[in-house]
Amino acid sequence: MLEILQPDGSLAADAAAPLDDEETRLLFAALVAARAYDRKGTALQKQGRLATYASFEGQEAAQIGAAAALQPADWLVATYRDAAAMWFHGYPWMNLFLGRTGDERGGSPPMGVNVLPPSITVGAHMIHAVGLAWGERLQSRDRVAMTMFGDGATSEGDFHEAMNFAGVYQLPVVFLCQNNHYAISLPRAEQTASETIAQKADAYGFPGVQVDGNDLFAVHSAAQPATARARSGGGPTLIEAVTYRMAPHTTADDPGRYRDSNETEAWKERDPIARVRRYLESRGSWDDDRQAELETSAADDVEAAIAAAEDLEPLGPAEVFSAMFAEMTPQLVRQQQALMRYRDA
Amino acid sequence: MPEVNMAQALNLTLDHVLSTHTDTVILGEDVGRTGGVFRVTDGLQAKHGSERVVDTPVAESGIVGAAFGMAISGLRPIAEIQFLGFFYPAYDQVVSHVSRIRHRSRHRFTAPLVIRIPYGAGIGAAEHHSESTEALFAHTPGLKVVVPSDPADAAGLLLTAVEDPDPVIFLEPIRSYRRLQGEVASPPEPVPFGQAARRRQGSDVTLVAYGAMVPDALEAAEALAEDGHEADVIDLRTLVPLDLDTVLESVTRTGRAVIVQEGHRTCGFAAELAASIQEEALYSLQAPVQRVTGWDTVVPLRRAEHHYVPSADRIAAAARHALKGG
């Protein structure tokens, strides 16, 4: 397993940082912003302002370290737990919140943002990244598609089909598995007899690499060459980022039923954000004032995003019908009229 | 114009769109080297190259899921599933993703792809090769569902499907691939969705059919004519969008409706149509709406298949029943 930045903020022996201090500060700011969004998400759900929320606390470095290897026009196809990566690649916090309030417009990021709305079904979306990468290649564009998924998704048949197609056609895809150790309640050891998830890439004829997923530098050190190789025609890569879901599966889950709180406590020591701060501080590149300023600005951004989402009027009864097709069918028109007649009566 | 069968009509249309629509790609099992098990894509890979006519691994979910990604990237993929009975592994992709992306992104992302699927019984094939479960697609919001009945419609509807901005399920009646010959314009002319065709004019009873059942409905109409009853025969062409107006116009004129479908009876498309007719035209009816359908059984294998598939005789019998007042 590739490890570079250790929990105490020092670099592993013989390891070099893949990013300079300025780049590291930029990604550190993103980690802090993501955690602010995530904690707000859980809090808002408890206030009844969001539907079920799926926290990614603990997985910020895996997501942002990987997404930072993408270029602006690259595709990101991710899941309901990948808001940090989606935001980093251009999907506004406002849309992410909006989706969680229960509004389809959350699935509509601005034009030019090549990030699909989060996949809710587990596993089916990986092949979409394969198709996007394939389509880009056929249109002679050198865009890469990255797909994110959890350890649980690797048990789905669609994981096999996506990996197999990517390998057969040598497509520019990066598979980023966040192994957070649980598929809701099922531990990783009971999901597969494979020693690692990364080794599964061997069967499909392309490289797989396992990294410390709580280590921003390790994740980025794997993702950067993977996207570069994909872009230059070298084919796909599977990255297994070993991390841990600090929170419940969703706000509807009770992890006390399937995992020991001592285990969760131990992972707190491996927090992906604290170690970057220690690293920057040790280099004289960060201090408490900068931290306070960053946390304030992150909190302000998150507040503005939720306010913008909640300010939008919900979709009306007519709009429920209007995005099924480019043009409504006569059947939808009749149904829309029936609902409007009922409401007007 | 040359006379061709439906397989040839589809082939020349695919050749046409590959030539004129540079954003089209065909992908599926055995579509390249062999030209598909029904030879619908015969010669296309040799002519247009293996980048645009792609032999894929045997993975229906992968084919449809990859086509979905291609469509979002800006292409117009045409995926082939070998038989409807083998489609089901891809159903999750269709119901959970392909059919929803426009709605869940409020038009931001769209999936203009065509999924061609041979369907239906009548050639005595092995189990899983005779399915007629079009109702699954019509029941899934966000899909257009097309079922051509003759070579010219196959060509014209496929051209429209390729140019449509939304996902289209294009069901090809296996039994009709080589059963009928017809003239097809070159290049093919588009046939619009949502416009049923009146295949025979009559005022005594309305026969509604689509796909493989249309020739049988016409044969039934011939038999009825010998008894002195003239049937109005409506070919729906597309189930979604549905041309209900043409059906209602006919039924209000004849007062009698017989709906023919090869699929299983319960919750089949005929049930939907019968419900719509009674909602809109009950007081014009002179007899209960009749359904002639497959049964709620697995499609029987070759030696007993004829007990399942609606025949011209069974359609004519239902029409006579309606003509007597039901």
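Everything quoted here is computed from the prediction, not taken from an experiment.

**Things to note about the overall build of chain B**
Next up, step 1: Each helix and strand counted, chain B has 11 helices and 14 strands in total.
Next up, step 2: Relative to the compact-globule value of 20 Å for 326 residues, chain B shows a C-alpha radius of gyration of 19 Å, a close match.
Next up, step 3: Structurally, chain B occupies a C-alpha span of about 60 × 40 × 40 Å along its principal axes.
Next up, step 4: With 326 residues in all, chain B has 64% of them scored as buried.
Next up, step 5: The contacts of chain B with a sequence gap of at least 6 include a subset with a gap of at least 24, amounting to 82%.

**Regarding the sheet that holds strand β11 (residues 231–235) of chain B**
All names here are of chain B.
Next up, step 1: Reading across from one edge, β9-β11-β10-β13-β14 is the order of the five strands in this open sheet, with mixed pairing throughout. Both edges of this open sheet fall to β9 (197–200) and β14 (290–292), since each of them pairs with a single strand only. Between one strand axis and the next, the sheet turns through 25° on average, direction left out of account.
Next up, step 2: Two strands pair when backbone bridges link them, and strand β10 (residues 205–209) and strand β13 (residues 257–260) are joined in this way by three bridges, in the parallel orientation.

**A short note on the interface of chain A and chain B**
Next up, step 1: The interface is formed by 46 residues belonging to chain A together with 47 residues belonging to chain B.
Next up, step 2: Contact between chain A and chain B buries roughly 3700 Å² in total, counting both sides, with carbon and sulfur atoms accounting for 62%.
Next up, step 3: At the boundary of chain A and chain B, one finds two salt bridges.
Next up, step 4: Notably, a salt bridge pairs A:R334 with B:D245, separated by 2.8 Å at the nearest N-O pair.
Next up, step 5: If you look at where chain A meets chain B, you find 24 residue pairs in polar contact (both at pLDDT 80 or more).
Next up, step 6: Of all the secondary structure elements, the ones that give two or more residues to the side of chain A that touches chain B are α5 (126–138), α6 (157–168) and α12 (330–344) of chain A.
Next up, step 7: Top element by residues in the side of chain A that touches chain B is α5(A). It accounts for eight residues.
Next up, step 8: When grouped by side-chain class, the residues that make up the side of chain A that touches chain B number 25 nonpolar, 13 polar and eight charged.

**Here we look at the packing of aromatic side chains**
Next up, step 1: Counted according to the given criterion, the structure contains 25 aromatic pairs over all chains.
Next up, step 2: For the pair A:W87 and A:F88, a centre-to-centre distance of 6.4 Å together with 70° between the ring planes defines the contact as edge-to-face.
Next up, step 3: Members of the aromatic cluster, joined through ring pairs, are A:Y37, A:Y53, A:F56, A:W87, A:F88, A:W93 and A:F97.
Next up, step 4: In this arrangement the basic side chain of A:R270 is found over the ring face of A:W267, its NZ or CZ atom lying 5.5 Å from the centre.
Next up, step 5: The lysine or arginine in question, B:R108, covers the ring of B:F109, its NZ or CZ lying 4.3 Å from the ring centre.

**As for the packing of helix α1 (residues 21–46) of chain A against helix α11 (residues 288–311) of chain A**
Residues and elements named next belong to chain A.
Next up, step 1: One way to put it is that α1 packs onto α11 with a least axis distance of 9 Å and a crossing angle of 45°. Here α1 is positioned oblique relative to α11, judged by the angle of their axes. Taken as a pair, α1 and α11 cross one another with a handedness that is right-handed. Contacts between α1 and α11 pair R25, F28, A29, V32, A33, A36, Y37, K40 and L44 from the former with R290, Q291, L294, E295, A298, V302, E303 and I306 from the latter.
Next up, step 2: Taken together, the residues of the contact of α1 with α11 sort by class into 11 nonpolar, one polar and five charged.

**So, the environment of A:A34**
Residue and element names in this part refer to chain A.
Next up, step 1: Its place among the elements puts A34 in helix α1.
Next up, step 2: Counting along the chain gives 30 residues from A34 to I64, while the straight-line C-alpha distance between them is 9.0 Å.
Next up, step 3: Setting aside chain neighbours within four positions, we find A34 in contact with F56, E60, I64, A84 and W93.

**Points about the sheet that holds strand β7 (residues 168–173) of chain B**
Residue and element names in this part refer to chain B.
Next up, step 1: Taken in spatial order, the seven strands line up as β3-β2-β4-β5-β7-β6-β12 in an open sheet, and their pairing is mixed. In this open sheet, the two strands that pair with only one neighbour each are β3 (53–55) and β12 (238–240). Going across the sheet, the axis of each strand differs from the next one's by a mean of 20°, ignoring polarity.
Next up, step 2: Bridge count between strand β2 (residues 24–28) and β3: three bridges; the pairing is parallel. For L27, the partnering residue across the bridge sits in β3 and is V54.

**Notes on the side chain of B:S99**
Next up, step 1: Along the polypeptide, B:S99 turns up in the loop between α4 (91–98) and α5 (101–104).
Next up, step 2: Judged by relative accessible area, B:S99 falls into the buried class, the value being 3%.
Next up, step 3: Among the polar contacts made by the side chain of B:S99, one reaches the main-chain carbonyl oxygen of B:V94 at a distance of 2.9 Å.
Next up, step 4: Here the side chain of B:S99 touches B:V95 through a polar contact of 3.3 Å, landing on its backbone oxygen.
Next up, step 5: Excluding its chain neighbours within four sequence positions, the residues that come into contact with B:S99 are A:M324, B:V94, B:T140, B:P141, B:G142 and B:L143.

**A few points about the domain arrangement of chain B**
All names here are of chain B.
Next up, step 1: Segmenting chain B into domains produces domain 1 (3–183) and domain 2 (197–323).
Next up, step 2: Using only C-alpha atoms to locate each centre, domain 1 and domain 2 end up separated by 26 Å.
Next up, step 3: With 29 residues of domain 1 at the contact, the number on the domain 2 side is 26 residues.
Next up, step 4: Buried area between domain 1 and domain 2, both sides added, is near 2100 Å², and the carbon and sulfur share of it is 55%.
Next up, step 5: Summed over the shared surface of domain 1 and domain 2, the number is 13 residue pairs in polar contact (both at pLDDT 80 or more).
Next up, step 6: Only α6 (134–138), β6 (144–146) and α7 (151–163) provide two or more residues apiece to the side of domain 1 that touches domain 2.
Next up, step 7: Class assignment for the residues of the side of domain 1 that touches domain 2 results in 14 nonpolar, eight polar and seven charged.

**Some thoughts on the domain arrangement of chain A**
One frequent convention defines the size of an interface as the accessible area lost when the parts assemble.
Next up, step 1: Taken domain by domain, chain A comprises domain 1 (21–314) and domain 2 (317–345).
Next up, step 2: Computed over C-alpha atoms, the centres of domain 1 of chain A and domain 2 of chain A are 37 Å apart.

What counts and what doesn't
Residues numbered from 1 in each chain as written. Chains lettered and ligands numbered in written order. Predicted model: local features only at pLDDT ≥ 70, side-chain atom pairs only at ≥ 80, totals over all residues. Heavy atoms only, no water. Helix = DSSP H or I, 4+ residues; strand = E, 2+ residues; numbered from the N terminus. Rg over C-alpha atoms; globule rule 2.2 N^0.38 Å. Buried < 20%, exposed > 50% of the residue type's maximum accessible area, 1.4 Å probe, protein only. Contact = heavy atoms within 4.5 Å. Pairing = 2+ DSSP bridges. Axes fitted to C-alpha atoms, helices over the stretch in contact; angles between N-to-C directions. Buried area = accessible area lost by both parts, 1.4 Å probe. Salt bridge = Lys/Arg side-chain N within 4 Å of Asp/Glu carboxyl O. Polar contact = N/O pair within 3.5 Å; in protein donor to acceptor, adjacent residues only side chain to side chain. Nonpolar A, V, L, I, M, F, W, Y, C, P; charged D, E, K, R; others polar. Phe/Tyr/Trp six-rings, centres within 6.5 Å; stacked < 30°, edge-to-face > 60°. Lys NZ or Arg CZ within 6 Å of the ring centre and 35° of its normal. Parallel < 35°, antiparallel > 145°, perpendicular 65-115°, else oblique. Left-handed = near helix turned anticlockwise from the far one by under 90°. Domains from an automatic or database assignment.

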